[in-house]
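Below, each chain spelled out in residue letters.
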Amino acid sequence: SISTALTAPEGAAPGDLGHEPLENLKASHGEQVAQLNELAAAVATDLTSLERRTIVALITGDVHNRDITGQLIEEKTDDLTNFTWQMQLRYYWDLDEDDCIVHQVNARVHYGYEYQGATTRLVITPLTDRCWMTLIGGLHLKLGGAPAGPAGTGKTETTKDLGRGLAIWVIVQNC
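My aim in this report is to walk through the structure given alongside it, one point at a time. Computed from a prediction, not measured in an experiment: that's the story for all the values here. (Residues numbered from 1 in each chain as written. Predicted model: local features only at pLDDT ≥ 70, side-chain atom pairs only at ≥ 80, totals over all residues. Heavy atoms only, no water.)

1. Topic: the sheet that holds strand E2 (residues 99-104)
At step 1: With antiparallel pairing, three strands are arranged side by side in an open sheet as E1-E2-E3. In this open sheet, the two edge strands, each paired with only one partner strand, are strand E1 (90-94) and strand E3 (107-110). Ignoring which end each strand starts from, the neighbouring axes of this sheet average 35° apart.
At step 2: As paired strands, E2 and E3 are joined by four bridges and run antiparallel to one another. Along E3, the bridge assignment pairs isoleucine 101 with histidine 110.
At step 3: Against the sheet, helix H5 (residues 126-140) makes contact with E2 and E3, and its axis sits at roughly 70° relative to E3, the strand it touches most. (Pairing = 2+ DSSP bridges. Helix = DSSP H or I, 4+ residues; strand = E, 2+ residues; numbered from the N terminus. Axes fitted to C-alpha atoms, helices over the stretch in contact; angles between N-to-C directions. Contact = heavy atoms within 4.5 Å.)

2. Comments concerning unusual backbone geometry
At step 1: At lysine 76, a position not held by glycine, the phi torsion is positive, near 55°.
At step 2: Summarising the element assignment, lysine 76 is placed in the loop between helix H3 (49-74) and helix H4 (83-86).
At step 3: Accessibility expressed as a relative area gives 58% for lysine 76, which makes it exposed.
At step 4: Of note in this structure, aspartate 98 is not a glycine but carries a positive phi near 50°.
At step 5: With respect to the secondary-structure elements, aspartate 98 resides in the loop between E1 and E2.
At step 6: Aspartate 98 sits in the exposed class, given a relative accessible area of 54%. (Buried < 20%, exposed > 50% of the residue type's maximum accessible area, 1.4 Å probe, protein only.)

3. Thoughts on a nonpolar patch on the surface
At step 1: A surface patch of nonpolar side chains, about 410 Å² in accessible area, is lined by Trp93, Leu95 and Tyr113.
At step 2: Of note, leucine 95 is situated in the loop between E1 and E2.
At step 3: Under the relative-accessibility criterion, leucine 95 is labelled exposed at 74%. (Patch = residues over 30% accessible without salt bridge, like charges linked within 9 Å, V, L, I, M, F, W, Y side chains within 5 Å. Areas by Shrake-Rupley, 256 points an atom, 1.4 Å probe, with all protein chains shown as cover. Salt bridge = Lys/Arg side-chain N within 4 Å of Asp/Glu carboxyl O.)

4. Considerations on helix H2 (residues 21-43)
At step 1: Between the first and last C-alpha of H2 there are 33 Å, a value that for 23 residues agrees with the 33 Å anticipated at 1.5 Å per step.
At step 2: Every buried residue of H2 is listed here: Pro21, Leu25, Ser28, Gln32, Leu36 and Leu39.
At step 3: The inward-facing, buried residues of H2 abut helix H1 (2-6) and H3. (Expected span 1.5 Å × (residues − 1).)

5. A closer look at the packing of H2 against H3
Between two packed helices, both the angle of their axes relative to each other and the distance between the axes serve to describe the pair.
At step 1: Viewed as axis vectors pointing N to C, H2 and H3 meet at an angle of 155°, and their least axial separation amounts to 9 Å. On the basis of their axis angle, the class for H2 and H3 is roughly antiparallel. You can see that H2 and H3 cross each other, and the crossing is left-handed. Here Leu22, Leu25, Lys26, His29, Gln32, Val33, Leu36, Leu39, Ala40, Ala42 and Val43 of H2 come into contact with H3, specifically with Arg52, Ile55, Leu58, Ile59, Asp62, Val63, Asn65, Arg66, Thr69, Gly70, Leu72 and Ile73.
At step 2: In the contact of H2 with H3, the residues fall into 14 nonpolar, five polar and four charged. (Parallel < 35°, antiparallel > 145°, perpendicular 65-115°, else oblique. Left-handed = near helix turned anticlockwise from the far one by under 90°. Nonpolar A, V, L, I, M, F, W, Y, C, P; charged D, E, K, R; others polar.)

Structure, rendered in structure tokens:
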């Protein structure tokens, strides 16, 4: 995982022998590409509709993850405080709370565990990331969010996809 790749072994400082974040990221990137190739090969086989939707959703998320890992490599990221890493939805198991907590930038939101079914996922762009940061910041503050803008620009789909990522029920009301 990226967190593991960027975390120094206990007692080690960045630059110490055995802690090579860029090499670890490159190895992780290679594993991601291999997984994507396996999933792409699987899509070409005879699948049920449910299996195909599931694999396509996995590919969509994995492509974004691969791109982020590539960006971290380009930026020569060597620790977990890099903003490119901080701005991603990150899932951690909190032992004290015995619950999954979703982190993004400074926001922390409890994972919702709401079953969403085998749905398609939205392609994640830099604009999607920025919109999610704003919405999850509002959720963190218990305020929610209401994206505004011209019709047909993806506000509803972006909000619903964030809900899928957080496993929370999203209700869309047209006013």
